[in-house]
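A structural walkthrough
Listed below are the residues making up each chain.
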Amino acid sequence: VLAVSTGSAYGDLDNDGDLDLVVSTVNSESLVFRNNTDTANHASFSIALRSSEPNSLAVGAQVSIFQAGSQYTADNFTVRGYQSSVQNRITIGVGSKNQRADSVLVRWPEGDYSIHYDLPSNQIVELVKPATEYLRTTANVQTRSDSVLD
C-alpha cells in the first residue's frame, strides 16, 4: 500500500490477544492491518490497570511479568508520538512459553507495589489497585522462588 501517513496507533482491535495496527493517511481512508498471530501457539498477557484514585487508568504504571525464569516489563502510557494514542491496556507477548505467569508485579504511579500470582495468558485480565492497607512496598515485596525481582 502506497500512502502518506500522519500517525498510527496499535491495539487489540478484535480481542484475540495480538496487537493490530491502524495508520491514518493524508487524503485517503485510514489503513487497518490485522495481526493474525496463531495465539494457540504464541502466548501473550493483556493487562488492564484500574485505580480508584484520580488517575483511574493508572497511566504511568509499570508491569513486570515473571514466567519460567524470564522477566518481561512494559509501561502503561497511552500516548505514542504526535497526535497518536494507543489502547489503555498493556499487552506483552511471551512466545510459546508456559500459558500462565508465575507472578506479576505492578508498580503503581503513586509509588506503591502489588503482586499477583498465577495469571492466565491469552485473555484480558483487569488488575485493580488494592486499598492502601493491602499494598506492598519495595521492602516487603515477595514472590515465588522461581521469580526474580530487580
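Here we summarise the structure given alongside this text. (Residues numbered from 1 in each chain as written. Predicted model: local features only at pLDDT ≥ 70, side-chain atom pairs only at ≥ 80, totals over all residues. Heavy atoms only, no water.)

Concerning the overall build of the protein
Heads up, the rule is: What counts as a helix is a DSSP run of H or I of at least four residues, what counts as a strand is a run of E of at least two, and both are numbered from the N terminus. Contacts between residues were defined by any pair of non-hydrogen atoms, one from each residue, lying within 4.5 Å. Areas reported here follow the Shrake-Rupley algorithm with a probe of radius 1.4 Å; residue values treat only the protein chains shown as occluding.
Across its full length, the protein carries zero helices and 10 strands. Beginning at the N terminus, the succession of helices and strands in the protein can be written as β-β-β-β-β-β-β-β-β-β. A separation of at least 24 residues holds for 49% of the contacts in the protein among residues at least 6 apart in sequence. As displayed, the protein offers around 8500 Å² of accessible surface, 50% of which is attributable to carbon and sulfur atoms.

Observations regarding a nonpolar patch on the surface
Let me state the cut-off plainly: Put simply, a patch holds well-exposed residues, over 30% relative accessible area, that have no salt bridge, with like charges counted together within 9 Å and Val, Leu, Ile, Met, Phe, Trp or Tyr side chains within 5 Å. In the sections that follow, a salt bridge refers to a side-chain nitrogen of Lys or Arg positioned within 4 Å of a carboxyl oxygen of Asp or Glu. For every residue, the accessible area (1.4 Å probe, protein chains only) is compared with the maximum for its type, and the residue is labelled buried under 20%, exposed over 50%, or partly exposed between those bounds.
Nonpolar side chains collect at one region of the surface, where Y10, L19, L21 and F33 lie side by side and expose about 310 Å² of accessible area between them. Counting through the fold element by element, L19 comes out in the loop between β1 (5-11) and β2 (20-25). Of the residues examined, L19 reaches a relative accessible area of 31% and is grouped as partly exposed.

Looking at unusual backbone geometry
In this structure, N27 takes a positive phi of about 60° despite not being glycine. Position of N27 among the secondary structure elements: in the loop between β2 and β3 (31-33).

Some details on the pairing of strand β6 (residues 70-75)
As a reminder of what qualifies: At least two DSSP bridges between two strands are needed for those strands to be called paired.
Bridge analysis of strand β5 (residues 62-67) against β6 gives six bridges, and the strand direction is antiparallel. What sits directly across from V63, in β6, is A74. Here β5 folds back onto β6, and the loop between the two strands holds two residues, one of which, A68, carries a positive phi near 50°.

Details of the side chain of T78
Note that T78 resides in the loop between β6 and β7 (90-95). Residues contacting T78, with those up to four places away along its chain left out, are S84, S85, V86, Q87 and N88.

Details of the pairing of strand β4 (residues 43-50)
Summarising burial for β4: seven of the eight residues are buried, a large majority. For β4 and β7, the ladder comprises five bridges, and the chain directions are antiparallel. When the bridges of β7 are listed, S46 appears paired with T91.

What about the nonpolar core?
The condition that has to hold: To define a nonpolar core, start from buried Ala, Val, Leu, Ile, Met, Phe, Trp, Tyr and Cys residues and group those joined through side-chain atoms within 4.5 Å.
Formed by 20 residues in total, the largest nonpolar core has its most connected members in L49, V63, I65, V104 and L127. If you list the elements that add at least two residues to this core, you get β4, β5, β6, β7, β8 (100-107) and β10 (124-128). When residues in this core are grouped by element, the largest group, four residues, is from β4. Setting aside its immediate chain neighbours within four residues, I65 contacts F45, I47, S70, Q71, Y72, I92, A101, S103 and V104.

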